[in-house]
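For reference, the chains in residue letters:
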Amino acid sequence: GVIAEYEAAGVRNILALRGDPEGGPAAVWTPTPSGLTFASELVSLVRESGDFCVGVAAFPDLHPASASADLDIDVLLKKQAAGAEFAITQFFFDADSYFRLVDRAVAAGCTIPIIPGIMPVTNLAQIQRFAALSGAAFPTDLAARFEVMPDDRTVASLGIDLASELCQELLDRGAPGLHFYTLNRSTATREIYANLGVAPSNQG
């Protein structure tokens with residue numbers, strides 16, 4: 001019913017995420033009665049229910065519930081087979097992590113674009129909490145650079161500079177685009193756009 005409402009409203013792009021268990025990302029998943037267990041099932045349901053372009057998640061660092069990088073790739077391939085047309089990664093801090101994921105995926109038969117997900121560090125405690133919950137590795141040397149910053153303003157400034165460098169490297173090495181996790185802080189994203197020489201749209 002929700003999918004039908006989206007289609008009637010003119011929505012054509014859906015990011016299909018299973019979501020986290022009630023106990024957090026690493027807890028055992030328990031579906032609701034008659035509910036879905038895997039994101040690939042949600043992809044199939046969306047594709048069968050209307051004319052949608054469907055995106056899915058991918059993980060440069062291991063998914064919190066995954067036993068191996070190979071399992072993560074198998075899951076991504078199942079989502080592709082179900083009809084996913086693109087993937088957006090969980091946020092990460094090292095470009096090599098993204099490109100290792102892409103290389104593994106392509107070698108296994110993945111043909112959909114994998115878009116890197118970027119979360120600029122604007123609040124150190126928040127980003128460390130998110131990293132712990134998501135399984136993303138927050139490098140200790142990177143954390144040390146932020147910990148000596150005297151206030152939130154300088155933390156955000158450093159975060160924007162480092163995210164800009166990461167984005168430039170990703171684009172230079174062939175990433176198909178960038179996805180930003182803004183956390184309602186669009187100013188940081190716009191500053192990164194400016195650093196990359198991209199004129200941000202005024203359309204939001």
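Residues numbered from 1 in each chain as written. Predicted model: local features only at pLDDT ≥ 70, side-chain atom pairs only at ≥ 80, totals over all residues. Heavy atoms only, no water.

Enquirer: How should I be thinking about the side chain of Ser164 in this particular structure?
Expert: Along the chain, Ser164 falls in helix α7 (residues 152-172). Within polar-contact distance, the side chain of Ser164 engages the backbone oxygen of Ile160 at 2.7 Å. (Helix = DSSP H or I, 4+ residues; strand = E, 2+ residues; numbered from the N terminus. Polar contact = N/O pair within 3.5 Å; in protein donor to acceptor, adjacent residues only side chain to side chain.)

Enquirer: Explain the pairing of strand β3 (residues 86-91) to me, please; I cannot follow it from the model alone.
Expert: Looking down a regular strand, the side chains alternate between one sheet face and the other. When you tally the buried positions in β3, you get six out of six residues, the bulk of the element. Where strand β2 (residues 53-58) and β3 come together, four bridges link them in parallel fashion. The residue bridging Ala57 from the neighbouring strand is Ile88, located in β3. Strand direction decides the pairing type here: β3 and strand β4 (residues 114-118), joined by three bridges, are parallel. Following the sheet pairing, Ile88 is matched in β4 by Ile115. (Buried < 20%, exposed > 50% of the residue type's maximum accessible area, 1.4 Å probe, protein only. Pairing = 2+ DSSP bridges.)

Enquirer: So what exactly am I meant to see when it comes to helix α4 (residues 95-108) here?
Expert: For α4, built from 14 residues, the straight-helix expectation of 20 Å at 1.5 Å per residue is met to within 8% by its first-to-last C-alpha distance of 20 Å. Within α4, the full set of buried residues consists of Ala95, Ser97, Tyr98, Phe99, Leu101, Val102 and Ala105. Those residues of α4 that are buried are in contact with β2, α3 (69-82), β3, β4 and α7. Immediately downstream of α4, the backbone of Gly109 shows phi near 110 degrees, a positive value. (Expected span 1.5 Å × (residues − 1). Contact = heavy atoms within 4.5 Å.)

Enquirer: Hey, could you run me through the packing of helix α2 (residues 39-49) against α3 in this one?
Expert: Think of two packed helices as two axes; the pair is described by the angle between the axes and how far apart they sit. α3 packs onto α2 with a crossing angle of 10 degrees between their chain directions and a minimal axis gap of 8 Å. Accordingly, the angle class assigned to the pair α2 and α3 is roughly parallel. Residues Ala39, Ser40, Val43, Ser44 and Arg47 of α2 lie in contact with α3, whose contacting residues are Lys78, Lys79 and Ala82. (Axes fitted to C-alpha atoms, helices over the stretch in contact; angles between N-to-C directions. Parallel < 35°, antiparallel > 145°, perpendicular 65-115°, else oblique.)

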